[in-house]
Number of protein chains: 2
Amino acid sequence: MNGAESLVRTLVDGGVEVCFANPGTSEMHFVAALDRVEGMRCVLGLFEGIVTGAADGYARMADKPAATLLHLGPGLANGLANLHNAVKASTPIVNIVGDHATYHRAYDAPLTSDIETAAKPFSGWVRTSPDARSVAADGAAAIAAARTPPGRVATLILPADTAWNEGAGPASVPPVPVRAAVSGEAVEAAARILRSGEPTLLLLAGPALRERGLELAGRIAAATGVRLMAQTFNARIERGAGRVPVERVPYPVDLAVKALADFRHVILVGSKQPVAFFAYPDKPSVLTAPGCECHVLARPEEDLVGALEALADALGAGRHAAPVASLDLPVPATGAVTPEAISRSLAALLPEQAIVIDEAVSSGRAFFPPTRQARPHTWLQNMGGSIGLGLPMATGAALAAPDRKTVCLQADGSGMYTLQALWTMAREQLDVTIVLFANRSYAILRGELANVGAENVGRKALDMLDIGRPDLDWVSLARGMGVPGVRVTDMEEFNRRFAEGLATPGPYLVEAVL
Amino acid sequence: MNGAESLVRTLVDGGVEVCFANPGTSEMHFVAALDRVEGMRCVLGLFEGIVTGAADGYARMADKPAATLLHLGPGLANGLANLHNAVKASTPIVNIVGDHATYHRAYDAPLTSDIETAAKPFSGWVRTSPDARSVAADGAAAIAAARTPPGRVATLILPADTAWNEGAGPASVPPVPVRAAVSGEAVEAAARILRSGEPTLLLLAGPALRERGLELAGRIAAATGVRLMAQTFNARIERGAGRVPVERVPYPVDLAVKALADFRHVILVGSKQPVAFFAYPDKPSVLTAPGCECHVLARPEEDLVGALEALADALGAGRHAAPVASLDLPVPATGAVTPEAISRSLAALLPEQAIVIDEAVSSGRAFFPPTRQARPHTWLQNMGGSIGLGLPMATGAALAAPDRKTVCLQADGSGMYTLQALWTMAREQLDVTIVLFANRSYAILRGELANVGAENVGRKALDMLDIGRPDLDWVSLARGMGVPGVRVTDMEEFNRRFAEGLATPGPYLVEAVL
């Protein structure tokens, strides 16, 4: 058994059942091994940003890593931006990068580059396998590294001769590492603050935003009056009817400062101190009020749900009911297509257990409140700020959860980064309804020009924010990749076509012209 | 004058007149400065791979660098693959990357990453500007670094506060560094080999492949019988009627070994020792015969044309005529669409002074011989092997040479990496005729599976090489970005539509279904 086959068998044994790939010559033995090993589904992306973004979406829904397969340094480079997003979302990914055969590197052939250095800023673990007999064990170590809480991008570099030479057979994969319990002191410190009655925010992240964590947080809020919030962007939140609703810290600095102004304490549950997404002249980087203290109940890698259980126990919160949202569906919006109207129609039409992929950017700022009482659903966001995650993440999420409908809310500027994902959706017939927000500009940057105090802005500058001239035709782009689509310019048509997409198996794109 | 404006003025003073950009919040002051400074054309790409690939194509035709403007680590990451190609082609680029304000980095906001480390494997020079008063001088240093022979990617990282704080005004740009003359010993050593009559190859690269270098090499060949070749892939070759034709080292290892088998000496003129693009089991990495010696006449950064002049003088080659190609246009091909037929029609129809961008990959292997006696033209290739350079390079080349026709020979698999370039072509109305080779597979990899000895290949593996199912519709994709196009399935239609594209100003795409 060659090294490639020993690695593929190790991956399957370790629960890695999907490989998102864009392979080349140096990965051909890995590709060939796929047909000799049962249990690995291999999914082609036409660009590596699709591959890594899909691996992110997959792991968020499957709660275990997928593998990637990338072609040398440039193939990795093309996938780095969505690996950046995965790192920031603590998503586990086994990121496999082929390299030249060990003895060939010295010749500096055209595709030679320093892969380890390129990978490091966007990985939590990096290893180059030295030979074919090590590659299975290195693969097992990569799985363990990826699954180390809170989840990491583990990059395994695979020189071609480690794939084609004789290997040592599959390696055993260590058990999935468990999250460490938080200390009794951290729980007691948090309980003390909550008993003090001082204005306090419980800032939730990671697994604390799943149903059990939310329920516990809701009971604690009912018992103590603490406010609950999630960060501005979150890897995954369970929402809608039957779930405890949480607000998010607003994105604009001024609104965030206002929303956080009254808190004397922020208790971090897997979250980070709230800071501004960008710096702006004369605006603060830290969003909390002067004098507000941040306290760590649980670090991101610790057992967040266990910490909330312990805190609820300490506060006697178990006898309080969690304030869950009731089902309350609005009537779908009519008239002009606006972000507000779409959010109302979304709230009305989102199907039970929908997975919402949110890269609506400026169009999506107001989507949370109207959907609070929608049918129960799961909401995934971009935590790294590198645009172009939406369509790939929808691809991976839909693949991980084929029994649920994936709804991808995609801004046009961001969508153009990784539009090739549409082809993978068509090939795999993934059940994704895409709402494409065609405002034909990098709308967020219009505000940012003013926010940073840039003055005397003229045509040349505005042209850099404007993605019209010519207008993109997303229906043609989708058709070019085998995805049916339709353009809508009023909400009646939007409601009809969005419902049609939801009712149609496979991918479907609704271009909503704003 | 803020730092951003001092930098833009320095760039313009230093001859950098075009900025390919995909900016974000942290680059807004740079963008705003563009309207206050005369002489900088700013061109938007909808993905950073377009930005960096266009900068490569621009510099190859303009013989001076363009600037880029990228948004933090992920924006850089998206541009790295085409920076890799630029590094391998020794293309000068002033690669500007915005970063968070210096004081904001410590807060680890979502878009924070280690930009310097990410840039290093794909840059010849990296600097982070520390403050607004330094940024103009750092920009001047970046221009000088980029233009240091043979040409480098110079990455300048620009924290947002270095752009918005008060700067020190424009900095003076050092003179363009000149190429060093080769030593008399190197010339005499090469002359001695050529006088020996032993089978020798003169392997040309870089500026030696422009008209003057080719003419000198042709005279030397006429005087001594030395064979002339270019590397497999080349940044720019002047070709066609009136130019000295050179073959290229073949891509497939077996053919390359055969082509080089008889040489006892290889004289390198800015070129590298011929090595295999990839390693394969039981095939050599070094392509020359055992016992063949490589001799350096001129290193890539030295004065290659001067070296050829000195060598021609030493050999008395001046009195020999260079064997230039005569004009001999074939009749355009008819019948089925094949790579061979297209190469014949290309030879017949290429207009005078066309710029040919060659990312035809497997479809393009046979294009060189038939076009040897075509009208004079310039041929640009991908030297780094990272696919997805063709359409962006065509964008930059067309912008640099608006009076010439750019013909982009683009494979479909590679084209999908950076198809967003079509939109920039449409916006800027660049005069590019694209021939899109739709073989609907990563055809090169089918051969590579066999070459690496991968066995027992089944459906799952073949699916990774096949980009049909669904077929891409390039006419729809082009229309979606504002570029007119047409699909052809026979050569009569190809000839008609290709000629139509050549006769039409602006971009036009011919999808040739193979």
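Residue positions are counted from 1 within each chain, in the order its sequence is given. Chain labels run from A onward and ligand labels from 1 onward, assigned in the order the entries are written. It should be noted that, the model being predicted, local features are given only for residues of pLDDT at least 70 and side-chain atom pairs only at 80 or more, the latter also being counted only at that level, while totals for whole chains, interfaces and linings use all residues. Just so you know, side-chain values use all the structure's heavy atoms and leave hydrogens and water out.

Caption draft 1: Main features of the confidence of the model for chain A. pLDDT expresses, on a scale from 0 to 100, how confident the predictor is about each individual residue. Averaged over all residues, the pLDDT of chain A equals 96, while 100% of them reach at least 70. Reported confidences for the modelled complex are a pTM of 0.98 and an ipTM of 0.97.

Caption draft 2: Molecular detail of the sheet that holds strand β15 (residues 406-411) of chain B. Residues and elements named next belong to chain B. By the convention used here, strands pair only if DSSP detects at least 2 bridges between them. Note on conventions: DSSP H or I runs of at least 4 residues are helices, E runs of at least 2 residues are strands, and numbering of each starts at the N terminus. Strand order in the open sheet formed by seven strands is β9-β14-β13-β15-β16-β18-β17, and the pairing between neighbours is mixed. Looking at strand neighbours, the two that pair on one side only are β9 (237-239) and β17 (485-488), the edges of this open sheet. Mean inter-strand twist for the sheet, computed between neighbouring axes without regard to direction, equals 20°. For strand β13 (residues 354-359) and strand β14 (residues 377-381), the ladder comprises five bridges, and the chain directions are parallel. Its bridge partner lying in β14, isoleucine 357 is registered against leucine 380. Axes here refer to lines fitted to C-alpha atoms; in helices the fit is confined to the stretch in contact. Angles between the N-to-C directions go from 0 to 180 degrees.

Caption draft 3: Structural detail: the pattern of salt bridges. Here, a salt bridge means any side-chain nitrogen of Lys or Arg that lies within 4 Å of a carboxyl oxygen of Asp or Glu. Counting across every chain of the model gives 70 salt bridges over all chains. Among the salt bridges present, the one from Glu5(A) reaches Arg36(A), with a minimum N-O distance of 2.7 Å. Of the two residues, Glu5(A) is situated in helix α1 (residues 3-13) and Arg36(A) in the loop between α2 (28-34) and β2 (41-44); the sequence distance between them amounts to 31 residues. Taking the relative accessible area as the measure of exposure, Arg36(A) reaches 23% and is therefore partly exposed. Put simply, Arg427(A), Arg459(B), Asp463(B), Asp466(B) and Arg469(B) are held in one network by salt bridges that share partners. Partly exposed residues are those whose accessible area sits between 20% and 50% of the maximum for their type, while under 20% is buried and over 50% is exposed, using a 1.4 Å probe and protein chains only.

Caption draft 4: Focus on the sheet that holds strand β3 (residues 67-71) of chain B. All names here are of chain B. Ordered by their spatial adjacency, six strands build an open sheet running β2-β1-β3-β4-β6-β5, and the pairing between neighbours is parallel. Only two strands of the sheet have a single partner each, and these edge strands are β2 (41-44) and β5 (125-128). Between one strand axis and the next, the sheet turns by 20° as a mean value, whatever way the strands run. Helix α1 (residues 3-13) rests against β3, β4 (93-99) and β6 (153-159) of the sheet, and its axis sits at about 175° to β4. With respect to the sheet, helix α3 (residues 48-62) is in contact with β1 (18-21), β3 and β4, its orientation differing from that of β3 by roughly 170°. Residue contacts are counted whenever heavy atoms from the two residues lie within 4.5 Å of one another.

Caption draft 5: Representation of the relation of the copies chain B and chain A in the model. For the match of chain B to chain A, the screw axis carries a shift of 0.0 Å, the RMSD comes to 0.0 Å, and the turn is 180°. Such a combination of turn and shift is consistent with a two-fold rotation axis. Of the residues that chain B buries at the interface, 100% are likewise interface residues in chain A, meaning the two copies contact each other through the same surface. Superposing the copies works by least squares over the C-alpha atoms of residues that have pLDDT at least 70 in both of them.

Caption draft 6: How the structure looks around the pairing of strand β3 (residues 67-71) of chain A. All names here are of chain A. Most of β3 sits out of view: five of its five residues are buried. Residues Ala67, Leu69 and His71 point to one face of β3 and Thr68 and Leu70 to the other, with burial holding for every one of them. Relative to β3, strand β1 (residues 18-21) runs parallel, the two sharing three bridges. Along β3, the bridge assignment pairs phenylalanine 20 with threonine 68.

Caption draft 7: A look at the interface of chain B and chain A. At the junction of the two partners, chain B supplies 102 residues and chain A supplies 103 residues. What gets called buried area is simply the loss in accessible area from a 1.4 Å probe that two parts show on being joined, summed for both. Here chain B and chain A share an interface that buries about 8300 Å² over both sides, 64% of which is from carbon and sulfur atoms. Our enumeration of links across chain B and chain A arrives at six salt bridges. Distance and chemistry together define a polar contact, namely a pair of N or O atoms within 3.5 Å, with one atom able to donate a hydrogen and the other to accept it when in protein, and with adjacent residues in sequence counting only for side-chain atoms on both sides. In this assembly, chain B and chain A are joined by 50 residue pairs in polar contact (both at pLDDT 80 or more). Going through the elements one at a time, α2 (28-34), β2, α4 (72-88), α5 (115-119), α15 (421-428), α16 (443-451), α17 (459-463) and α18 (474-480) of chain B are the ones with two or more residues in the side of chain B that touches chain A.

Caption draft 8: Region of the structure containing the packing of aromatic side chains. The rule is short: rings of Phe, Tyr and Trp, with Trp giving its six-membered ring, pair when the centres are within 6.5 Å, and they are stacked under 30 degrees, edge-to-face over 60, tilted in between. Under the definition given, this model contains 19 aromatic pairs over all chains. Taking 5.3 Å as the distance between ring centres and 85° as the angle between the ring planes, the aromatic pair formed by Phe368(A) and Trp379(A) counts as edge-to-face. Of this pair, Phe368(A) sits in the loop between β13 (354-359) and β14 (377-381) while Trp379(A) sits in strand β14, and the two are 11 residues apart along the sequence. What makes Trp379(A) buried here is its relative accessible area of 1%. With centroids separated by 6.2 Å and ring planes inclined at 70°, the aromatic side chains of Phe20(B) and Tyr58(B) adopt a geometry described as edge-to-face. Taken together, the residues span a long stretch of sequence, with Phe20(B) in strand β1 and Tyr58(B) in helix α3 at a distance of 38 residues. The exposure class of Phe20(B) is buried, given its relative accessible area of 2%. The rule for a charge over a ring is simple: NZ of Lys or CZ of Arg within 6 Å of the ring centre, and within 35 degrees of the ring normal. Directly above the ring of Phe368(A) sits Arg248(A), whose terminal nitrogen or CZ lies 4.2 Å from the centroid.

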